[in-house]
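# Architecture and fold: a report
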Amino acid sequence: MERHAVVTAGTGGIGLETAVGLAGRGFTVTVVGRNAERGARAVERIAAVATAGGPRFLAADLASLDEVRGLAARLASEGPLTVLVNNVGAMFADRQRTVDGIEATFAVNHLSPYLLTELLLDRLRAGGPSRVVNVSSGAVRSAKRTFEAAEPPGGYYGFHWYGRAKLANLAYTLDLAERLRGSGVAVFAADPGGAATAMTDGTMTSPKIVSPPLRLLWPLVRRTFARSTAGPAAEAARSSLAAATDASLDGRTGLLIGPGAVPVPAPRASTAPRTVEQVLRLSRALAPATA
């Protein structure tokens, strides 16, 4: 049976390297992105290493919940799904809102993968044993831990709001793993570690994205995102590829796979009952998976 993998934000950076790795391991890969030209280049590169079916590109702006629903409907109509890698992510220097009127950091980094996953659960069950991989971040440790609303109280600081959205998604991921335990669908989070990608290069140059107490230390923090010349995105994709394919994880679920491509302890905040309850309530209110 064909093994079908979907990678969001798969036309560049960590997502593309993840897609390339999956194609080389025998998956038929669909990459999702916004730009058709980048998508075509990605498909060409993936096809060069593919050992199964040919890759393809699907266009979708995952900042729009309607486009997430449209993407899910198309994928669901095509049959079982073996791997879903929610790699989409974004950090913004200034506060932005999506077409749905939701703060963009929370929408892109949490609501988009949350909704896509929920809408594809039946297809993942049908493709079992299957895996969901949600890409996380070490920035969760800098996050405010209140989720009564999409936007936390206080001033806007892109790095901290990014970490908060990733914390919401990590809490959802670990809760989903328990909900699906025994269903044939394993759920993992993957922390790529620091990586010099287009997102970090374009956003993290400004100390304004962090709160004033951290600004003096920001040059040191940024250095942790530098990688060797061996290929920063390829190295950072190791955790996602391990979460999606490593046979040592067969029969396991609800783990955070760290930058070394091995399980690491999840931050305590991600399993705090109050955090999980608030995240689920807010997610269901802002991005309902049912009409």
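Refer to the structure printed above.
Description of the structure in this document. (Residues numbered from 1 in each chain as written. Predicted model: local features only at pLDDT ≥ 70, side-chain atom pairs only at ≥ 80, totals over all residues. Heavy atoms only, no water.)

Attention now moves to the packing of aromatic side chains. In total, this model carries two aromatic pairs according to the counting rule given. With centroids separated by 4.9 Å and ring planes inclined at 75°, the aromatic side chains of Tyr114 and Tyr172 adopt a geometry described as edge-to-face. Separated by 58 residues along the polypeptide, Tyr114 in helix H4 (residues 104-119) and Tyr172 in helix H6 (residues 158-179) bring together distant segments of the chain. For the pair Tyr114 and Tyr172, one class covers both residues: buried. For the ring pair Tyr156 and Trp161, a centre distance of 4.7 Å and an interplane angle of 65° mean the geometry is edge-to-face. You'll find Tyr156 and Trp161 in the same group, each marked buried. (Phe/Tyr/Trp six-rings, centres within 6.5 Å; stacked < 30°, edge-to-face > 60°. Helix = DSSP H or I, 4+ residues; strand = E, 2+ residues; numbered from the N terminus. Buried < 20%, exposed > 50% of the residue type's maximum accessible area, 1.4 Å probe, protein only.)

Turning next to the pairing of strand S6 (residues 185-190). Counting buried residues along S6, six of its six residues qualify, which places the element largely inside the surrounding structure. Going residue by residue along S6, you find Val185, Val187 and Ala189 tucked away on one face and Ala186, Phe188 and Ala190 tucked away on the opposite face as well. Between the parallel pair strand S5 (residues 130-135) and S6, the chain is carried across by H6, and the sense of this crossover is right-handed. By the bridge criterion, three bridges tie S6 to strand S7 (residues 255-257) in an arrangement that is parallel. Among the inter-strand pairings, Ala190 is bridged to a residue of S7, identified as Ile257. (Right-handed = clockwise from strand over helix to strand, strands pointing away. Pairing = 2+ DSSP bridges.)

Overall, the coordinates contain 13 salt bridges when judged by the stated rule. Between Arg45 and Glu17 there is a salt bridge; the shortest N-O distance is 3.0 Å. Of the two residues, Arg45 is situated in helix H2 (residues 36-47) and Glu17 in helix H1 (residues 13-24); the sequence distance between them amounts to 28 residues. A relative accessible area of 37% means that Arg45 is categorised as partly exposed. (Salt bridge = Lys/Arg side-chain N within 4 Å of Asp/Glu carboxyl O.)

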